[in-house]
Amino acid sequence: MPENVTLQVNGESVSVPAGSMVSTAIAIAQASFSSTKPHEENTKKAENVSGSLRDSSRGVVEGTALAFRRSVTGEARAPLCGMGICFECRVTINGQPHSRSCQIPAANGQNVVTEWERMKDECGMMTFHPSSFILHPSSVETEVLVIGAGPAGIAAAIRAAEGGKQVCVVDDNPAPASPGGQIWRGDQARPSSAEAKEWFERLKRVNVSFIHGARIFAQPEAGCLLAETTDGSYELRFEKLVLATGARERFLPFPGWTLPGVMGAGGLQALAKSGFPVAGKRVVVAGSGPLLMAVAAYLRKHGAEIVLIAEQASWSRLIRFGSALFGQPSKISQAINFKKQLAGVHYLPGCWPITAKGKYKLEAVTLRRGDKTWDVDCDYLACGFYLLPNTELAGLLGCEVKNGAVSVNEFQQTSLSNVYCAGETTGIGGLELSLVEGQIAGLAAASYENVARRLFAERAKQQRFAEVLNRTFALREELRALPTADTLVCRCEDVSFERLQKQGSWREAKLQMRCGMGPCQGRICGAATEFLFGWGMESVRPPVFPVRLENLTYP
């Protein structure tokens, strides 16, 4: 594999390390442009590419630094989640619009056009040949199909394959980054822990096939799923199905949270793992959950200046959480390592961001702790308020979902007899719980229930820890007051908090305001409205992710 690949970003030639995502190339191109061209030229080019982007309420949109696209009301936008959920990073790649740049590897000769540039020539959108509207799905048949290649999916696949089953794993993360999910992303070549090394070594010893960069979007009939990749589609037929679709960060809206430079905590880490430049950047890490420490340690190791870590949970809760670590030696060791790696970095419990400030990109964040508020200058705010299970696919299939997680029995079997579920999708519980649940699901799918029973005690232990984890990082009531009247809650359709206050339910908000009707299909704003208004999603309909038109013509 070459050390670097060279591609075109808005007509500029950019070289990035092989394995980087397109989002990395865009960030490097924009940083280079901003640092080498005088301000007047930057502004002139911004106005040229954006046309007359004037909005009476938001002013002139200028300054291309960090901006990947503009919103429906003209705001500059940049990546938020770093894992293909938010669609804020979408650009046109080789004539294919709406491509998620954080999920597509950079390649030699690629032609990337951000929305800012594409606006000069809208004809660039219509580059498809009519033949591309003919569906030619590849067909795969397997005994056990695993959706998701994080720790739970890997464990399920290994145990089912060890049981003699034909196993296929489908994962959204593109090669070469996968498998491993977000936590072990890129670890297959260089494992970051002894645990990851052990599981990847074990994976080499079994016969498991992988389909990378594929996203499930529909179930045309029982025992069959449809998946889309960047260059085609798959018809996946199975006897048993294991869902290990993981979790995503919860985002809460506050003034300025749509500014380029405000990202998810895990989102910035995921982008950095794919080559996104963070060295020398001042980063405030904020929100809630153990992920904050892991993110801060990773970013610092790669040259970022961690200004501080703001954790919304109180000291008293964190002390009780610390007590629960006894009996979990691996977690104690991990906590000690993080403390060493973050020596000198301020960790502030009971603290959270209330405003992100900046004209065209993030320049500072206002924090609150008790009655005190103050501003901190920074380049990035890495902010995520704990995690949420990804239950949309399970809901589409008809699996029972309760309290935001997929319901399973003792063998990780869902309400559908041939569908199992493991990992964070059944409730947030951490790496060890995901691994043991994945093993049980894989063994059960291979009809080795008696072997699976031997893992019940370990699962029960990890479930007790998960209960403490979830109590510790439960969101405080004060966070419901974060948005102001004009704070955008739905980033896809630019729906403000004030407009949503006039609605009575998620359904009304969708019908009247188009809240949740954009590309992310409510994955970002849905969790926010649940926390702010108590609304719940009432149904899941296909396609569960945006797909190309030709893939909707399945017979």
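Anything mentioned here points back to the structure above.
Residues numbered from 1 in each chain as written. Predicted model: local features only at pLDDT ≥ 70, side-chain atom pairs only at ≥ 80, totals over all residues. Heavy atoms only, no water.

A. Region of the structure containing the overall build of the chain. When helices and strands are counted, the chain shows 16 helices and 30 strands. Going through the 555 residues of the chain one by one, you find that 56% of them count as buried. In the chain, the proportion of contacts linking residues at least 24 apart, taken out of those at least 6 apart, comes to 65%. On the chain, roughly 23,400 Å² of surface is accessible, and the fraction owed to carbon and sulfur atoms is 51%. (Helix = DSSP H or I, 4+ residues; strand = E, 2+ residues; numbered from the N terminus. Buried < 20%, exposed > 50% of the residue type's maximum accessible area, 1.4 Å probe, protein only. Contact = heavy atoms within 4.5 Å. Areas by Shrake-Rupley, 256 points an atom, 1.4 Å probe, with all protein chains shown as cover.)

B. Focus on the sheet that holds strand β7 (residues 90-93). Judged by pairing direction, the sheet is mixed, and its 5 strands sit side by side in the order β2-β1-β9-β7-β8 without closing on themselves. If you trace the sheet from one side to the other, it starts and ends with β2 (12-17) and β8 (96-100), each paired once. Across the sheet, the mean angle from the axis of one strand to that of its neighbour is 40°, orientation sign disregarded. Two elements, strand β1 (residues 4-9) and β2, share 6 bridges in a ladder whose sense is antiparallel. Paired with Leu-7 across the strands is Val-14, a residue of β2. (Pairing = 2+ DSSP bridges. Axes fitted to C-alpha atoms, helices over the stretch in contact; angles between N-to-C directions.)

C. Region of the structure containing the packing of helix α8 (residues 315-324) against helix α13 (residues 456-472). At their nearest, the axes of α8 and α13 sit 9 Å apart, and the two run at 165° to each other. With respect to each other, α8 and α13 are oriented roughly antiparallel. You can see that α8 and α13 cross each other, and the crossing is left-handed. Contacts between α8 and α13 involve Arg-317, Leu-318, Phe-321 and Ala-324 on the former and, on the latter, Phe-465, Val-468, Leu-469, Arg-471 and Thr-472. Here the residues of the contact of α8 with α13 are counted per class, giving 6 nonpolar, 1 polar and 2 charged. (Parallel < 35°, antiparallel > 145°, perpendicular 65-115°, else oblique. Left-handed = near helix turned anticlockwise from the far one by under 90°. Nonpolar A, V, L, I, M, F, W, Y, C, P; charged D, E, K, R; others polar.)

D. How the structure looks around the pairing of strand β11 (residues 167-170). Neither face of β11 is exposed, since Val-167 and Val-169 on one face and Cys-168 and Val-170 on the opposite face are all buried. Both strand β10 (residues 138-147) and β11 contribute to a ladder of 4 bridges, which runs parallel. Paired with Ile-147 across the two strands is Val-170, which belongs to β11. As for the winding sense of the linkage, the β-α-β connection from β10 through helix α4 (residues 151-162) to β11 is right-handed. Two elements, β11 and strand β12 (residues 208-211), share 4 bridges in a ladder whose sense is parallel. Note on β12: the bridge partner recorded for Val-169 is Phe-210. (Right-handed = clockwise from strand over helix to strand, strands pointing away.)

E. The sheet that holds strand β19 (residues 305-311), seen in detail. A sheet is described by the order of its strands in space; here 5 strands give the open sequence β17-β24-β18-β19-β20, paired in parallel fashion. Whereas interior strands pair on both sides, the edge strands pair on one side only; in this sheet they are β17 (262-263) and β20 (346-349). Sheet topology places β19 next to β20; 4 bridges connect them, and they run parallel. By the bridge assignment for β20, Ile-309 is matched with Tyr-347. Helix-sheet contacts for helix α7 (residues 291-301) involve β18 (282-288), β19, β20 and β24 (380-385), and the interaxial angle to β19 is about 175°.

F. Region of the structure containing the pattern of salt bridges. If you walk through the whole model with that rule in mind, you get 20 salt bridges. With a shortest N-O distance of 2.7 Å, Arg-491 and Glu-88 are connected by a salt bridge. Here Arg-491, found in the loop between β29 (488-490) and β30 (495-496), pairs with Glu-88, found in the loop between β6 (76-77) and β7; they are 403 residues apart in sequence, far enough to count as distant. Here the two residues Arg-491 and Glu-88 agree in accessibility, since each one is buried. Close ionic contact of Arg-159 with Glu-162 constitutes a salt bridge, the shortest N to O distance being 3.3 Å. A residue pair is termed a helical-turn pair when its members lie 3 or 4 positions apart in one helix, as Arg-159 and Glu-162 do in helix α4 at 3 residues. Residue classification places Arg-159 among the buried positions, given a relative accessible area of 14%. Here Glu-162 falls in the partly exposed class, since its relative accessible area comes to 42%. Among the charged side chains, a salt-bridge network with shared partners connects Arg-69, Glu-75, Arg-77, Glu-88, Arg-491 and Asp-494. (Salt bridge = Lys/Arg side-chain N within 4 Å of Asp/Glu carboxyl O.)

G. How the structure looks around helix α15 (residues 506-513). When α15 is considered as a whole, its buried residues turn out to be Trp-506, Ala-509 and Met-513. One side of α15 holds all its buried residues, which, seen down the axis, span an arc of 70°. Every exposed residue of α15 that faces more than 90 degrees away from the buried side is listed here: Leu-511 and Gln-512. If you follow the buried residues of α15, they end up packed against β30, α14 (497-501) and α16 (525-533). Residue Arg-514 follows α15 closely and has a positive phi angle near 65°. (Arc of directions from axis to C-beta.)

H. Highlighting the packing of aromatic side chains. Going through the model one piece at a time under the given rule, you end up with 7 aromatic pairs. Seen in terms of ring centroids, Phe-321 and Phe-473 are 5.4 Å apart; in terms of plane orientation they differ by 70°. Their pairing is edge-to-face. Highlighted residues: Phe-321 in helix α8 and Phe-473 in the loop between α13 and β29, separated in sequence by 152 residues. Here Phe-321 matches Phe-473 in class, with each residue buried. (Phe/Tyr/Trp six-rings, centres within 6.5 Å; stacked < 30°, edge-to-face > 60°.)

I. The arrangement of the pairing of β10 in detail. Here β10 runs beside strand β15 (residues 232-243); their pairing, made up of 9 bridges, is parallel. Bridging across to β15, Thr-142 finds its partner in Phe-238.

J. Quick look at the nonpolar core. Counting residues in each nonpolar core, the largest one holds 73 residues, and the members touching the most others are Leu-145, Ile-147, Val-170, Leu-241, Leu-243 and Leu-381. With sequence-adjacent residues up to four places away left out, Leu-145 is seen in contact with Cys-168, Val-170, Leu-225, Leu-236, Phe-238, Lys-240, Leu-241 and Val-242. Counting residues in each nonpolar core, the second largest holds 42 residues, with Val-5, Leu-271, Ala-272 and Val-283 among its members. (Core = buried A, V, L, I, M, F, W, Y, C linked by side-chain atoms within 4.5 Å.)

K. Quick look at unusual backbone geometry. In this structure, the amide linkage connecting Pro-542 to the following residue, Pro-543, adopts the cis form with an omega of -5°. Locating Pro-543 in the fold gives a position in the segment after α16. At Phe-87, a residue that is not glycine, the phi angle is positive and equals roughly 65°. Its relative accessible area of 7% is what places Phe-87 among the buried residues. Residue Asn-403 is not a glycine yet carries a positive backbone phi of 50°. Along the chain, Asn-403 turns up in the loop between β26 (401-402) and β27 (405-406). Look at Asn-403 and you get exposed, because its relative accessible area is 84%.

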